[in-house]
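# Tertiary structure, described
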Amino acid sequence: MAISSLPHLFFFYIVVISVHGKCLDDQKTLLLELKSQFIFNSSRSLKLVGWNNQTNDCCNWDGVECDDAGHVIRLLLQDEAISGGIPPTLGNLTNLVYLDLSRNFFTGLIPSFNMSKKLTTIDLSYNSLLGSLSNFHFEGLPNLALLFLASNLLSGSIPSFLFGLPSLQSLDLSNNQFSGQVHEFSFVNKSNLVDLDLSNNLLEGPIPHSFFKLHSLGIIRLSNNSFNGTFQMENIRSLPNLESLELSYNNLSVDATNMGSSSYRFPQLLALIMDSCNLYGLPVNSSAFTKLDVLSLVSCNLYNIPPFIKTISLTLKYLDLSRNWISGEIPSWIWEIGTGTGIPYIALNLSCNMFVDLQKPYNIPTSLWILDLHSNMLRGELPLIPSNYLDCSNNNFDKVIPPDIENVPRRYLSLANNSLRGAIPISLCNAKNLLVLDLSLNHLSGDIPHCLFENMSELGVLSLESNNISGDIPDTFPVNCSLQTLDLSNNNFGGRIPNSVGYCKQLQVMNVGNNKFDDSFPCMLPLSLRVLVLRSNRFRGEIRCHENWPSLQIIDIASNNFSGNLHLVNFSSWRGMMQESGAQLNRNHLGYTRDNYLPNYYLDEVTLIIKGLGLTLTKIRADFTSIDLSCNNFHGEIPDAIGDLRSLYLLNLSHNSLTGNITKSFGNMTQLGSLDLSMNQLTGMIPEELARLTFLSVLNLSYNKLVGVIPKGRQFQTFSDDSFQGNSGLCGFPLNISCSSADDDDGDLSPQEDENVQSKKEIEWEYVSAALGYVVGLGSIVWLLLFWRSFREKYYGKIEEVVEDIIDARNQRRRRARIVVRNQGRRK
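Figured I'd write up the structure that's included with this text. (Residues numbered from 1 in each chain as written. Predicted model: local features only at pLDDT ≥ 70, side-chain atom pairs only at ≥ 80, totals over all residues. Heavy atoms only, no water.)

On to the overall build of the protein chain. Within the protein chain, the regular secondary structure consists of nine helices and 50 strands. Surface accessibility of the protein chain: about 34300 Å² in total, with carbon and sulfur atoms responsible for 50%. (Helix = DSSP H or I, 4+ residues; strand = E, 2+ residues; numbered from the N terminus. Areas by Shrake-Rupley, 256 points an atom, 1.4 Å probe, with all protein chains shown as cover.)

Below you can see the structure in the form of structure tokens.
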């Protein structure tokens, strides 16, 4: 958990106070010229769409601010769905002070801004800008204080001149593709840099010592690169203003052997995050750490708890020793962390280690808000956590909690993925202020206490996945239910889905798959629903719901007894699967949030079945979409309305009794990557519209009654005969059945079209090869996945990264292809 407080930087973000004088004619002309050069989606635009000649004073246009002389000094066009390159006309706004073009779809190179010499802020983050950086881009900008280029596709080395720009206070180059070594530089006395973020790139080599001569630095973020060598912790002695140092997930070894001097203090350090750092030489003498609030030693190959932590535990607010190899008992002294601070919102994360028990006697303080012990080897009965910790209703926390925090302590408790047994204790019903309760992947049994939901109106996440719990779900959800995630999958629950779950108006994820529920489709589920999994139960009947789920992005009701016509399903209401192709790429993940409390600490997960293999997404991207209606008794034709789901990525309608033709509306689903219509009664020819889906990498039309020639070109040339077998009337490649009326070549394709076809083949072969490699790899490591827990967690994490990379690559290529086509159309 990184702390990124920069109170001394706030004044740089103060809005420039400007007087809206009447816009000068030349400024208005430049803005209208700029608008004409921008390619933007007028249905999404809130600012550009309103710029026109009918409005005399352009200083009153949205996104435009002027000085008292009528010159444009601020241009704020963030999130306007603008694509294409940045027009050079922008440089003619020579009085510009503040420029924000973030969260758009800009491509191409970064232009030079040297004509706008008054610029203090440039924000081009969250676009798709390419190329490298040089002096050409920012020379002659003596007042530039804030430069934000994060989350683009920038590459090459990071030029050292950036660190010496005389007025630069904040530099964010994170989430790009910068590579190579960051070289030492000599102009350290000229720099006023306070905030430096180079995280999530491809940088390598040693961390330059020059960084630690920039005495004004308060935040240094270098995580998720390939920096190597030994980092001497004593380097930070020269940074009196240092608040946060993040070195996580590199190839570093951190040497702290020279940090034991009692003469040194961390006067302001709020976060010391050294994940995956091969830490050694930590001092036992703790006097150098007396101001340390946050200590994170994740993935540091620790085999025991460093002794110095015991002596500084009273001052800590956050201790994270997760993903190490620490075994034995959790020491009783560790529950004293933070008790000397007088501030109760402290956190302890000991997850992903090898702890087997808690040293007795132990007294978990009620001031501990976050307790994460998941993925250890804890054993015994579940009443591991004392009832006084869970029931905090009688404590007077309002006396010590800062006024900007609500005066009731709320807790995050995870004991998931251990070897705990027994029934869910009734004492949990007293935990009225639990926000997250994760008891998944244990050996719990018995029923859910009926009082559990009734008394826990604050509960945001309940996960009991993969236990042996049986019985019915109590129909006791309160009217003020706050649940966002309910995961009861892989248990022995039966009966019906209670009607009172409809009270949970914030419910986003409901997973009851792989149980014994015997019920009709739960139409009472709230409009907020985003993920619904009913897989492998005994649900039955038609899906006749009057409710709409506009945010729905994943639905899996496979392997049940649902029946009826798919025309009864209101696909048109699932607007979460209808995002426009130009919508902003969303890298956020579904997880628990409650008024920004514990952001991203709990991330939802779901297991999907793709080509018969279970794929667990430990992180669900907010733009990932999937429909699985397979293995039911649906009949009738595939409705045309399903083609309205333009952003759908996975669709499985296999193993039903669907008839009629394959709808041509599939051609509208331009983001479709996997389609399975196998084991139905579909007739007619394969529509050409289906063959034009350029991102389709998985296809199964086998065992239907399809006839005619398999369409040529595009993706269909990459699929094997398995995709079409069991259709006696089909002919042509890749089946070894010739068609008398079929042409064996590419027909009348022009050279340019033929080149595009071959290009698309190559692109999709990457996906096919990746998929085949993944399948082979999965088969070769089944034993490790079954019997080595730590390997299993890392493995599924890597799978999630691969899935995200595939989706990102697909989206980026789609956007580039769309821009090329649009530009060709404009030229014509």
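Once that is clear, we can look at the sheet that holds strand β43 (residues 633-636). One open sheet accounts for four strands, arranged β37-β39-β43-β45; its pairing is parallel. Unpaired on one side and paired on the other, β37 (540-541) and β45 (657-658) mark the two borders of the sheet. Alignment of strand β39 (residues 561-565) against β43, held across three bridges, turns out to be parallel. Within β43, the position partnered with G564 by the bridge is F634. (Pairing = 2+ DSSP bridges.)

Right, let's get into unusual backbone geometry. Glycine aside, residues mostly have negative phi angles, and peptide bonds mostly take the trans form. Following K360, the chain continues to P361 via a peptide bond in cis, the omega torsion being -5°. Secondary-structure assignment places P361 in the loop between β23 (354-358) and β24 (368-372). For the bond from F733 to P734, the omega torsion is 10°, close enough to zero to count as cis. Assignment of secondary structure puts P734 in the loop between β50 (729-731) and α7 (751-780). Notably, N175 is not glycine yet its phi reads approximately 55°, a positive angle. Within the secondary structure, N175 is located in the loop between β10 (170-172) and β11 (177-181). Note on N175: relative accessible area 37%, which makes it partly exposed. Of note in this structure, S375 is not a glycine but carries a positive phi near 60°. Note on placement: S375 falls in the loop between β24 and β25 (379-381). (Buried < 20%, exposed > 50% of the residue type's maximum accessible area, 1.4 Å probe, protein only.)

The tally for this structure, following the rule as stated, stands at ten salt bridges. A salt bridge links D519 to R496; the nearest nitrogen and oxygen atoms lie 3.3 Å apart. Here D519 is found in the loop between β35 (516-517) and β36 (531-533), whereas its partner R496 is found in the loop between β33 (492-495) and β34 (509-511), with 23 residues between them in sequence. Judged by relative accessible area, R496 falls into the exposed class, the value being 53%. Look at the salt bridges and you will find they share partners, linking D195, R221 and E246 into a network. (Salt bridge = Lys/Arg side-chain N within 4 Å of Asp/Glu carboxyl O.)

By definition, a disulfide links two cysteine residues through a covalent bond between their sulfur atoms. Considering all chains together, one arrives at six disulfides under this definition. Through a disulfide, C523 is tied to C545; the S-S separation comes to 1.9 Å. Here the disulfide of C523 and C545 is left-handed, its torsion about the S-S bond being about -70°. With a gap of 22 residues between them, C523 in the loop between β35 and β36 and C545 in the loop between β37 and β38 (554-556) connect regions that are remote in the sequence. Under the relative-accessibility criterion, C523 is labelled partly exposed at 21%. (Disulfide = S-S within 2.5 Å.)

Right, let's talk about the sheet that holds β33 for a bit. Judged by pairing direction, the sheet is parallel, and its six strands sit side by side in the order β25-β27-β29-β31-β33-β35 without closing on themselves. Strands at the two margins of the open sheet, each flanked by one partner only, are β25 and β35. As judged from the three bridges shared by β25 and strand β27 (residues 419-423), these two strands associate in the parallel manner. When the sheet's bridge partners are listed, G380 is paired in β27 with L420.

Per the counting criterion, the structure on display carries 17 aromatic pairs. With centroids separated by 5.8 Å and ring planes inclined at 45°, the aromatic side chains of F716 and F724 adopt a geometry described as tilted. Residue F716 shares its accessibility class with F724, and that shared class is buried. The structure contains a cluster of three or more aromatic residues connected by ring pairs, namely F493, F517, F521, F539, W549 and F562. The ring centre of Y98 lies 4.2 Å from the NZ or CZ of R74, which sits over that ring. Over the aromatic face of Y126 sits the side chain of R103, whose NZ or CZ is 4.0 Å from the ring centroid. (Phe/Tyr/Trp six-rings, centres within 6.5 Å; stacked < 30°, edge-to-face > 60°. Lys NZ or Arg CZ within 6 Å of the ring centre and 35° of its normal.)

Here the focus is the environment of I82. Of note, I82 is situated in strand β4 (residues 82-84). Exposure remark for I82: the relative accessible area of 0% places this residue in the buried category. Counting along the chain gives 37 residues from I82 to S45, while the straight-line C-alpha distance between them is 8.5 Å. When residues no more than four places from it in sequence are discounted, the contact partners of I82 are F38, I39, F40, L48, L77, N104, F105 and F106. (Contact = heavy atoms within 4.5 Å.)

On to the nonpolar core, then. If you look at the biggest cluster of nonpolar residues, it comprises 187 residues, and the most contacted ones within it are L75, F138 and F211. Setting aside chain neighbours within four positions, we find L75 in contact with L31, L34, W51, G63, V64, L90, L93, L96, Y98, L99 and D100. Counting residues in hydrophobic clusters, the runner-up holds 14 residues, among them A271, Y318, V436 and Y601. (Core = buried A, V, L, I, M, F, W, Y, C linked by side-chain atoms within 4.5 Å.)

Tracing the sequence through the fold places N201 in the loop between β12 (195-197) and β13 (202-205). Within the structure, N201 has its side chain in polar contact with the backbone nitrogen of F178 (distance 3.1 Å). Within polar-contact distance, the side chain of N201 engages the backbone oxygen of S199 at 3.2 Å. Every residue in contact with N201, bar those within four places of it in the chain, is listed here: L173, S174, N175, N176, Q177, F178, N224 and N225. (Polar contact = N/O pair within 3.5 Å; in protein donor to acceptor, adjacent residues only side chain to side chain.)

This part is about the environment of D722. When you line up the elements, D722 lands in the loop between β49 (705-709) and β50. Of the residues examined, D722 reaches a relative accessible area of 45% and is grouped as partly exposed. In this view, D722 contacts N700 and S702; residues no more than four positions away in its chain are not counted.

Moving on, we get to helix α1 (residues 25-37). Over its 13 residues, α1 extends 19 Å from the first C-alpha to the last, a length consistent with the 18 Å expected when each residue adds 1.5 Å. For α1, the set of buried residues is Q27, K28, L30, L31, L34 and K35. Taken around the axis of α1, the buried residues stretch over an arc of 160°, which confines them to a single face. Within α1, the exposed residues directed more than 90 degrees away from the buried face are D25, T29 and S36. Packed against the buried residues of α1 are β1 (39-40), β2 (64-66) and β3 (72-76). (Expected span 1.5 Å × (residues − 1). Arc of directions from axis to C-beta.)

Following the sequence through the fold, H374 ends up in the loop between β24 and β25. When the C-alpha positions of H374 and L350 are compared, they lie 7.7 Å apart, and in sequence the two are 24 residues distant.

Summarising the sheet, strand β40 (residues 606-610) and strand β41 (residues 613-617) pair through five bridges and their orientation is antiparallel. Within the sheet, the bridge partner assigned to T607 lies in β41 and is T616. Where β40 folds back on β41, the antiparallel hairpin that results is connected by two residues, among which K611 adopts a positive phi of roughly 55°.

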